[in-house]
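# Summary of structural features
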Amino acid sequence: MAGTASRIPAGAVAAGGLIGGYGIARWTGKRPLGGVALAAAGAVAARQWRQDAGGRAVAGLSAAYVAAFAGSHPLARKLGAWPAVFTVAGGVALASWAVHRAVR
């Protein structure tokens, strides 16, 4: 695709949304503000996933993004908050990379 080399990979955007959303919520004390960041990054990543890999990929990766957010909460009880967020963010980034690689 022309012009795609300079854009941030969708997996990095999604991982950044999970990490940034949690960081914003934690540091501001305003969970809805973190949710806005999480949703915005998810929307940008979903748009890129659709462009790069199509509708089935965007559905699966978006579900993984939401599951990662939800799964980070119980995981945090076992690992701690930041390790849980980094773990799920890495998982989403890896899944995105794998899908992108499979369609190339």
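Our subject is the structure that appears above.
Within any chain, residue numbers begin from 1 and follow the written order of that chain's sequence. Since the coordinates come from a predicted model, pLDDT governs what is reported: local features require at least 70, and pairs of side-chain atoms require 80 or more to be given and counted, while whole-chain, interface and lining totals use all residues. To obtain the side-chain values, all non-hydrogen atoms of the structure were included, while hydrogens and water were left out.

## Here's the deal with the packing of helix α2 (residues 31-53) against helix α4 (residues 81-103)
Note on definitions: angles span 0 to 180 degrees between N-to-C directions of axes, and those axes are lines fitted to C-alpha atoms, for helices only across the stretch in contact. Elements are defined by DSSP. Helices are runs of H or I of four residues or more, strands are runs of E of two residues or more, and each kind is numbered from the N terminus. Where α2 meets α4, the closest approach of the two axes is 10 Å, and the angle between their N-to-C directions is 20 degrees. Taken as axis vectors, α2 and α4 run roughly parallel relative to one another. Residues Trp49, Asp52 and Ala53 of α2 form the contact with α4, whose participating residues are Ser96, Val99, His100 and Val103. Relative orientations are named as follows: roughly parallel for angles under 35 degrees, roughly antiparallel for angles over 145 degrees, roughly perpendicular for angles from 65 to 115 degrees, and oblique for any other angle. It only takes one pair of heavy atoms within 4.5 Å for two residues to be counted as in contact.

## Digging into the packing of aromatic side chains
Two rings from Phe, Tyr or Trp (for Trp, the six-membered ring) form a pair when their centres sit within 6.5 Å of each other. Planes less than 30 degrees apart are called stacked, planes more than 60 degrees apart edge-to-face, and all others tilted. For the coordinates displayed, the defined rule picks out three aromatic pairs. Here Trp27 and Trp82 contribute two aromatic rings whose centre-to-centre distance is 5.5 Å and whose plane-to-plane angle is 35 degrees, an arrangement assigned as tilted. Here the residue Trp27 occupies a position in helix α1 (residues 10-28), and Trp82 occupies one in helix α4, the gap between them amounting to 55 residues. Three or more aromatic residues link up through ring pairs in this structure, and these residues are Tyr22, Trp27, Trp82 and Phe86.

## Considering α1
Here the expected span of a helix is defined as 1.5 Å times the quantity of residues minus one. Spanning 19 residues, α1 covers 26 Å between terminal C-alpha atoms, matching the ideal 27 Å at 1.5 Å per step. Only protein chains enter the accessibility calculation, which uses a 1.4 Å probe; a residue is then buried when its area is under 20% of its type maximum, exposed when over 50%, and partly exposed in between. All of the buried residues in α1 are Ala10, Gly11, Val13, Ala14, Ala15, Gly17, Leu18, Gly21, Gly23 and Ala25. Elements that come into contact with the buried residues of α1 comprise α2, α3 (55-79) and α4. The first or second residue beyond α1 is Gly29, which carries a positive phi of 75 degrees.

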